[in-house]
Amino acid sequence: MGLLLLLIICQCAINSVKTHSVSKPNIILLMADDLGIGDLGCYGNRTLRTPNIDRLAEEGVTLTQHIAASPLCTPSRAAFLTGRYPIRSGMAAFSRVGVFLFSASSGGLPSEEITFSKLLKQKGYATALIGKWHLGMNCESSNDFCHHPLSHGFDYFYGLPVTNLRDCKPGQGSVFLKGVQKGLVIPIQITGIALVSLAIVQYIGLLKVPFQALSYFLLIITISLVVLIFFFYNFRHLNCFLMRDHQIIQQPLSYENLTQRLTKEAKQFIERNTDRPFLLVLSYLHVHTALYASEKFKGKSRHGLYGDSVEEMDWSVGQILDVLEKHNLSDKTLVYFTSDQGAHVEEISSAGEVHGGYNGIYKGGKSTNWEGGIRVPGLLRWPGVVQAGAYIDEPTSNMDIFPTVVKLADAQLPSDRIIDGHDLLPLLQGKATRSKHEFLFHYCNAYLNAVRWHPGNSETVWKVFFFTPNFSPEDSNGCYDSHVCFCHGGFITRHDPPLLFDLSRDPEEKVPLTPETESRFYDILRAVHQAVDNHTRSLRAVPNQLSWNNLLWKPWLQLCCSSPFQSCYCDYESGGSSL
């Protein structure tokens, strides 16, 4: 009887330890920018050195079918933070531009959205976002910070409010110049023709144009051109700056030792919170252009500046893992590594150097819902809790991080809204073998582009495309003529019936199936259409955060650490220092 009692007590103690081990761990979420799944050793790359990221795979789980909720930065990151398709929060554009480009835009992640950082903060977590935000800043004034990270559950922010662009780094070209030139040619021609025509009819007496009206017209045109020239001439100062919380500390941004500075901030945050649970989102600027690398890494890889950037980011990941070991936090910390979307294959420098990544065997890249645009790295390590060295080939999403970390923090999922992600822990621990995602919906901006179906009674993964982007040149793997692919009009080809692929047998999406090659062709399409109908009925009308009005630069929202007349210049970082 005594022995039985002892066994019961021991079992209770073991269960208590197990329960505690998966309750309120530290959470570190590492997100690369535009990294290709084929850029990492653990996903098959043999020429780039990524030993620290590969270590996450060796000591944790590798997700081989991990899907970004969008192939563009802003909507993908909104989905990641909220666990919801970006269409639900208004973070998906109906226009051509699908991301925020200016710091003084009024759109952003709505305050009504619930982020995992908000929920973890309520549970006593210290929370920090270090690096890229790209989800808006202000609404009505330059200091309301309605979309700022600190308004979305983060205690601490150190990083870029918008994104890293070629225009932010002198000598790296411009992502706007070609588009602005194309966009201005027709309006200038029309204006010129109109003015010449007015002058002619005025001269020959066919029409009397009031001098005052003509003066106003010329004044408006002149002011518009002056504002446009001022904005793009000062783009770097107005949009590329570094903030700590609500304060600008470096304007414009300096790339000198930038990764070292971000890494140092991340390490210091961890060391400040060794005695309480913390959430750290380290959102790298690598490997979005403009590419950069510190002297220690420049010229050291076999793939030019892009490879140098990847290897510097890997070094940073190693620094984070080392500080966890130093403070005996490894076993108490879930570490996740991913990219916001696939590699930007169209990125080529003015000198002809490839500045985009490698998506492995997968077709397309960033801005498309071909697998190369949305199949991203998914690595999770938590020693003693998550299986080590395991591979999971089930469909998973970056939206799954929301319910996973919320549950681990002993917080409650919101009951007043649909959460599209699912808890990953059963898969990671080997307690489940099937993903809860029977269907995943792939949006190109606000347009439903494709659907992935993993039937519950099958190992097959079907993918249906309602339209596909028109690659340019036609025989290429991207939209090189426009730099990114677009989602509507003459930029796409619609398919009726839709294109059908079996990703289980054709992950490269080379051979679309037909009724002749797949006997269940129409049954599959019927099931997918039914799922689309159910999904569409679950959507609610919300304000569009990426409307033209919310995207445009608004001077009264512009953040400036000095004065526009002083070119908005300040530097409290002193160039940064190496670790």
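For the structure, see preceding data.
As a starting point, this report considers the structure included with it. (Residues numbered from 1 in each chain as written. Predicted model: local features only at pLDDT ≥ 70, side-chain atom pairs only at ≥ 80, totals over all residues. Heavy atoms only, no water.)

**Here's the deal with the overall build of the chain**
To keep it simple, the criterion reads: A helix here means a DSSP run of H or I that spans at least four residues, while a strand means a run of E at least two residues long, and both kinds are numbered starting from the N terminus. The size measure is the radius of gyration over C-alpha atoms, and the globule rule it meets is 2.2 Å times the number of residues to the 0.38 power. Type-normalised accessible area, obtained with a 1.4 Å probe on protein chains alone, sets the label of each residue: buried when under 20%, exposed when over 50%, and partly exposed for intermediate values. Pairs of residues are marked as contacts when any of their non-hydrogen atoms sit within 4.5 Å. Methods summary: accessible areas were calculated by the Shrake-Rupley approach with a probe of 1.4 Å, and residue burial reflects only the protein chains presented. The charge count treats Lys and Arg as positive and Asp and Glu as negative. His and the chain ends do not count. A charge is said to be at NZ when it belongs to Lys, at CZ for Arg, at CG for Asp and at CD for Glu.
Assigned secondary structure in the chain consists of 15 helices and 18 strands. A globule of 579 residues ought to have a C-alpha radius of gyration of about 25 Å, and the chain, at 25 Å, matches this closely. Its C-alpha atoms give the chain principal-axis dimensions of roughly 115 × 65 × 50 Å. When each of the 579 residues of the chain is scored for burial, the buried share is 58%. Expressed as a percentage of contacts within the chain between residues at least 6 apart in sequence, the contacts between residues at least 24 apart total 74%. In the structure as shown, the chain presents an accessible area of about 24,700 Å², 59% of it carried by carbon and sulfur atoms. Each charge class in the chain was averaged separately, 50 positive and 53 negative side chains, and the resulting centres sit 3 Å apart.

**Concerning helix α10 (residues 304-326)**
How we decide: What a helix should span is 1.5 Å times the count of its residues minus one.
Compared with the 33 Å implied by 1.5 Å per residue over 23 residues, the 33 Å span of α10 between its first and last C-alpha is a close match. N328 occupies a position one or two residues after α10 and carries a positive phi of about 55 degrees.

**A short note on the sheet that holds strand β18 (residues 570-571)**
The strands that make up a sheet pair up through hydrogen bonds in the backbone, lying either parallel or antiparallel. Stated precisely, the cut-off is as follows: Two strands pair if DSSP finds at least two bridges between them. Working convention: axes come from line fits to C-alpha atoms, limited for helices to the stretch in contact. Angles between N-to-C directions cover 0 to 180 degrees.
One open sheet accounts for 11 strands, arranged β12-β2-β11-β9-β1-β8-β4-β5-β6-β7-β18; its pairing is mixed. Taken across any chain shown, the strands that pair with only one partner, and hence form the sheet edges, are β12 (390-392) and β18. Pairing between strand β1 (residues 26-32) and strand β9 (residues 333-339): seven bridges, direction parallel. By the bridge assignment, I28 is partnered in β9 with V335. Running over the sheet, helix α2 (residues 51-59) touches β2 (61-63), β9 and β11 (378-381) and is turned about 65 degrees from β11. Packing against the sheet, helix α9 (residues 258-272) makes contact with β1, β4 (126-132), β5 (156-160), β6 (242-244), β7 (247-251) and β8 (278-283), and its axis sits at approximately 175 degrees to β8.

**Comments concerning the side chain of H288**
Stated precisely, the cut-off is as follows: Side-chain atoms alone can form a polar contact between residues adjacent in sequence; in general such a contact is a pair of N or O atoms within 3.5 Å, and within protein one must be able to donate a hydrogen while the other accepts it.
Assignment of secondary structure puts H288 in the loop between β8 and α10. At a separation of 2.8 Å, a polar atom in the side chain of H288 contacts the main-chain carbonyl oxygen of N164. Apart from the residues within four sequence positions on either side, H288 is in contact with D33, D34, C73, K132, T163, N164, L165 and K366.

**Side note on the environment of F402**
With respect to the helices and strands, F402 occurs in helix α12 (residues 401-408). Taking relative accessible area as the criterion, F402 reaches 0% and is therefore assigned buried. Here the alpha-carbon distance between F402 and G421, two residues 19 residues apart in the chain, equals 6.8 Å.

**Remarks on the pairing of β1**
Across the seven residues that make up β1, a large majority, seven, are buried. On β1, burial covers both faces: N26, I28, L30 and A32 on one face and I27, L29 and M31 on the other are all buried. Pairing between β1 and β8: five bridges, direction parallel. Its bridge partner lying in β8, I27 is registered against L279.

**A short note on the sheet that holds strand β16 (residues 462-469)**
Strand order across the open sheet formed by four strands is β14-β15-β16-β17, with antiparallel pairing between neighbours. Looking at the sheet topology across the chains shown, the edges are occupied by β14 (439-444) and β17 (492-502). Going from strand to strand, the sheet's axes swing by 20 degrees on average, the running direction of each strand aside. Sheet topology places β14 next to strand β15 (residues 447-453); six bridges connect them, and they run antiparallel. Note on β15: the bridge partner recorded for C444 is Y447.

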